[in-house]
Amino acid sequence: MAKALNGFVQKRIPFQRGIIAAACFLTGSISLVPRTAAQTPRPRATAAKASPAPAQPKLVVLLVVDQMRADYVDKFLGQWTGGLKRLVAEGAWFRDAAYPYAATETCVGHATISTGAFPATHGMVANAWWDRKEQKLVTCTSDPDPNVKNIGYAGATPKGADTAWRMAVPSFAEELKFQASGATRIVTFSLKARAALTMAGHKADAATWFDGGAWVTSTAYGTQPFIEEQAKSHPAKADFGKTWALSLPEKEYWYDEKALGAVPPEGWDLTFPHPLRGKSGVSEPDSAFYEQWASSPYADTALTELAEKAVDALKLGNSNGTDFLAVSYSSVDYIGHEFGPRSREIQDILVRLDKDLGNLFAHLDQKVGRGNYLVALSADHGVVPIPEDMQKTGADSGVLHLPEVQQRIEIALESLNYPKPTIARITGSDVYFAPDVYKKLQADSNAMSYVLVAIGTAPGVAAVYRAEELHDRPATQSPTLRAFAYSYFPGRSGDLFILPKPYWLLDSTPLGKPRSYGTGHGVPYNYDQHVPVLLMGFGIQPGQYFQPVTPADIAPTFAALCGITLSSRDGHALAEALKKPPEPRATSQRARPKPASASAPNTNP
Ligand SMILES: [Zn+2]
């Protein structure tokens, strides 16, 4: 082990840092060296003789599987043979990882993984929230800057303008680029802007997502020729006419052929195989085809291929610094919403993702070198079983109709002569009142209690919290109050917060209309909070770890292995899974070991 470490140290002292170290030596004092963003000197570089600088990974790879519940690993591990299996077999598996906050949604989870901070710090409190100033719903990535526009690959002309400008702290990747030697390239992919952009941060070499049948980015990030080439040579529409069939023998599937309460995408029924042919009878890719494609393993494969192309085209992991590559696989989320967690569709897409990740790791072994890259895999949130399915157990489960809650509040305040409408918006758990109404309620305890009772007695409601209870993360014995406080960002979060009972789905479907999806997520219960955290490769001590951790610990762990500092201390380095550096030796006269070759097995400390 020590042998390999020294090998890496020798190999890895970057040219630029060598110059800085020389400058320090010549001036005789580190403080005389001008400190700039690009070349902040590291004291340990000057002290290389006394204690060798720790090596760093050549590439940090962040993988997020949107809506992947932690228990999918426990349940289906035996059916995997590829990358998911390898992460468990060769990596550190944190089996009790969970978000501690309430807003278990995509933008929030990705921002948390990316920054190592909770939403109370990073400010991405939901996929979309009510903007009180603009009096409209804004998505977490919508950018009102008139100079920003989304741009499409392969001739696409997407709408909108998206960046990570609303994220209040830098991503790990941005910090790495800023604090390290400047050689860091940042490349992210997802089907969703809110995943690709939060993982990248405010600037990146490429941040790419999928919109309206095309790969897109925005002018804030710019385009890459290799993505243009891939978008032209391997467009999603080339999968038109393919079929998603079961990959394992039928007896291997745990659940019924038809998931109870499922709502499949248009053009599909509830049983395999699922044809990617759009609306019935069409001969060209239509919007239904792209919905089917996004809900199929073919989208995961397309993302994997883009990631591999990025490694090749930009030679990620082969510069004198540490590069950053992130992929968020979105299809498990779409399928989970449609078919629920207890479905053959979820089980099968994970078998396929396992193969894709196996291919990706094989590619990285070849191009970057086994053990030279560091991987983390996690999820942005979990999911609740479809209520109709859960009811089979006899447990209390149902649908909490948010429009009904809204009606109840309006009626309660109408009886107290508040001018209608009193509600601006209910989105997720967050209730936003019309301008000045909440201030008035805070000074009118009678009206406030009317409102709290009106919400609290709606079917499926467990509790209601007020914004003033959540400021500054108050000390509390209530795990749910604490969860809402960890999600609370003043100005952006709502005025009141609705906690459903366990296994009650928050639903915004207008009253009287059928639900257009099977199930969802976004509440502070373990089925939404408990996700996998798996680390593998450079610096990681394999094993199973049972202590409670959060996905906010991933970025600090990356930071520890790359020797940088993040602004937030919400997350903590997962020290137990880090290989211990060798003890400094009093006798350094031992022969210098040979540098490890790029394809050496996973022997670095
Ligand atoms: Zn979702």
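Residues numbered from 1 in each chain as written. Predicted model: local features only at pLDDT ≥ 70, side-chain atom pairs only at ≥ 80, totals over all residues. Heavy atoms only, no water.

### Considering the pattern of salt bridges
Then comes step 1: Under the definition given, this model contains 25 salt bridges.
Then comes step 2: Here Arg370 ties to Asp365 by a salt bridge, and the two come within 3.4 Å at their closest N and O atoms.
Then comes step 3: Of the residues examined, Arg370 reaches a relative accessible area of 29% and is grouped as partly exposed.
Then comes step 4: The exposure class of Asp365 is buried, given its relative accessible area of 16%.
Then comes step 5: Between Arg515 and Glu388 there is a salt bridge; the shortest N-O distance is 3.0 Å. (Salt bridge = Lys/Arg side-chain N within 4 Å of Asp/Glu carboxyl O. Buried < 20%, exposed > 50% of the residue type's maximum accessible area, 1.4 Å probe, protein only.)

### A word on the nonpolar core
Then comes step 1: Within the largest apolar cluster, 134 residues are counted, with the highest numbers of intra-cluster contacts made by Leu62, Leu63, Met68, Phe172, Trp215 and Trp293.
Then comes step 2: It is helix H14 (residues 344-369) that contributes the most residues to this core, 10 residues altogether.
Then comes step 3: When neighbours within four sequence positions are excluded, Trp293 is seen to be in contact with Leu191, Phe210, Trp215, Ala236, Asp239, Leu276, Tyr298, Ala299 and Ala302.
Then comes step 4: By size, the runner-up hydrophobic cluster in this structure holds 42 residues, among which are Val437, Tyr465, Leu505 and Tyr517. (Core = buried A, V, L, I, M, F, W, Y, C linked by side-chain atoms within 4.5 Å. Helix = DSSP H or I, 4+ residues; strand = E, 2+ residues; numbered from the N terminus. Contact = heavy atoms within 4.5 Å.)

### Examining empty space enclosed by the protein
Then comes step 1: Enumeration over the complete set of coordinates arrives at 4 cavities of 30 Å³ or more.
Then comes step 2: A volume near 160 Å³ is recorded for the largest cavity.
Then comes step 3: Forming the boundary of the largest cavity are 18 residues, of which Ala103, Val125, Ala126, Ser429 and Asp430 lie nearest the centre.
Then comes step 4: Secondary structure elements with two or more residues in the lining of the largest cavity: strand E3 (128-131), strand E15 (430-433) and helix H19 (479-487).
Then comes step 5: Across the lining of the largest cavity, the residue classes tally to 10 nonpolar, 6 polar and 2 charged. (1 Å grid on protein atoms, 1.4 Å probe; cavity = no way out; pocket = protein on both sides within 12 Å on 5 of 7 lines; lining within 4 Å. Points joined across faces, edges and corners; volume = space filled by probe spheres on them. Nonpolar A, V, L, I, M, F, W, Y, C, P; charged D, E, K, R; others polar.)

### A look at the environment of Arg482
Then comes step 1: With respect to the element layout, Arg482 can be found in helix H19.
Then comes step 2: A residue is classified by how much of its surface remains accessible, and Arg482, at 34% relative accessible area, is partly exposed.
Then comes step 3: Separated by 382 residues in the primary sequence, Arg482 and Pro100 place their C-alpha atoms 8.0 Å from one another.

### Here's the deal with the state of the cysteines
Then comes step 1: Under the defined criterion, the tally for this structure stands at 1 disulfide.
Then comes step 2: With its sulfur 2.1 Å from that of its partner, Cys107 forms a disulfide with Cys140. In this structure, the disulfide formed by Cys107 and Cys140 twists by about 110° around the S-S bond and is classed as right-handed. Of this pair, Cys107 sits in helix H6 (residues 106-115) while Cys140 sits in the loop between strand E4 (136-139) and strand E5 (150-152); the two residues are 33 residues apart in sequence, bridging distant segments of the chain.
Then comes step 3: With relative accessibility at 1%, the residue Cys140 sits in the buried group. (Disulfide = S-S within 2.5 Å.)

### Some remarks on the coordination of the zinc ion
Then comes step 1: Within the protein, Asp333 (OD), Asp333 (OD), His337 (NE2) and His521 (NE2) serve as the donor atoms for the zinc ion, at 2.1 to 2.7 Å.
Then comes step 2: One can describe the site at the zinc ion as irregular: its 4 donor atoms subtend angles covering 52 to 157° at the metal.
Then comes step 3: We note that the donor set of the zinc ion lies within a single chain, spaced as D-x3-H-x183-H. Placement of the pair is His337 in helix H13 (residues 331-339) and His521 in the loop between strand E18 (504-507) and helix H20 (526-529), with a sequence separation of 184 residues. (Donors = N, O, S within 2.8 Å, 3.2 Å for Na, K, Ca; no water. Tetrahedral: all angles 85-135°; square planar, octahedral: opposite > 155°, others 65-115°.)

### Quick look at the pairing of strand E6 (residues 186-190)
Then comes step 1: By the criterion of burial, E6 is predominantly enclosed, with 5 of the 5 residues buried.
Then comes step 2: Judged by which residues are buried, E6 turns out to be covered on both faces: Ile186, Thr188 and Ser190 on one side and Val187 and Phe189 on the other are all buried.
Then comes step 3: Pairing of E6 with strand E11 (residues 323-329), which is carried by 5 bridges, proceeds in the parallel orientation. Across the sheet, Ser190 pairs through a bridge with Ser328, a residue of E11.
Then comes step 4: Sheet topology note: the E6/strand E7 (residues 206-211) ladder contains 3 bridges and is parallel. Residue pairing across strands places Thr188 opposite Ala207, the latter belonging to E7.
Then comes step 5: One crossover worth recording links E6 to the parallel E7 by way of helix H9 (residues 193-200), and it is right-handed. (Pairing = 2+ DSSP bridges. Right-handed = clockwise from strand over helix to strand, strands pointing away.)

### Details of the packing of aromatic side chains
Then comes step 1: Under the counting rule described, the total for this entry stands at 23 aromatic pairs.
Then comes step 2: Ring centres of Phe210 and Trp293 lie 4.7 Å apart, and the angle between their planes is 35°; this geometry places the pair in the tilted category. Of this pair, Phe210 sits in strand E7 while Trp293 is found in helix H11 (residues 287-294), placing the two residues 83 residues apart along the sequence.
Then comes step 3: A relative accessible area of 1% means that Trp293 is categorised as buried.
Then comes step 4: Residues Trp254 and Tyr255 carry aromatic rings whose centres are separated by 6.1 Å and whose planes lie at 55° to one another, so their mutual orientation is tilted.
Then comes step 5: The rings of Phe210, Trp215, Phe240, Phe289, Tyr290 and Trp293 are connected pair by pair, giving a single aromatic cluster.
Then comes step 6: Positioned above the aromatic ring of Trp504, the side-chain terminus of Lys501 is 6.0 Å from the ring centre.
Then comes step 7: In this arrangement the basic side chain of Arg515 is found over the ring face of Tyr517, its NZ or CZ atom lying 5.9 Å from the centre. (Phe/Tyr/Trp six-rings, centres within 6.5 Å; stacked < 30°, edge-to-face > 60°. Lys NZ or Arg CZ within 6 Å of the ring centre and 35° of its normal.)

### Quick word on helix H10 (residues 225-233)
Then comes step 1: Burial in H10 covers these residues: Phe226, Ile227, Gln230 and Ala231. For H10, the buried positions fall inside an angular range of 135° around the axis, keeping them on one side. Structural note: H10 exposes Pro225, Glu229 and Lys232 on the side pointing more than 90 degrees away from its buried face.
Then comes step 2: Considering only its buried residues, H10 is in contact with E6, E7, strand E8 (214-218) and helix H12 (297-314). (Arc of directions from axis to C-beta.)

Just geometry here; none of it tells us what the structure is for.
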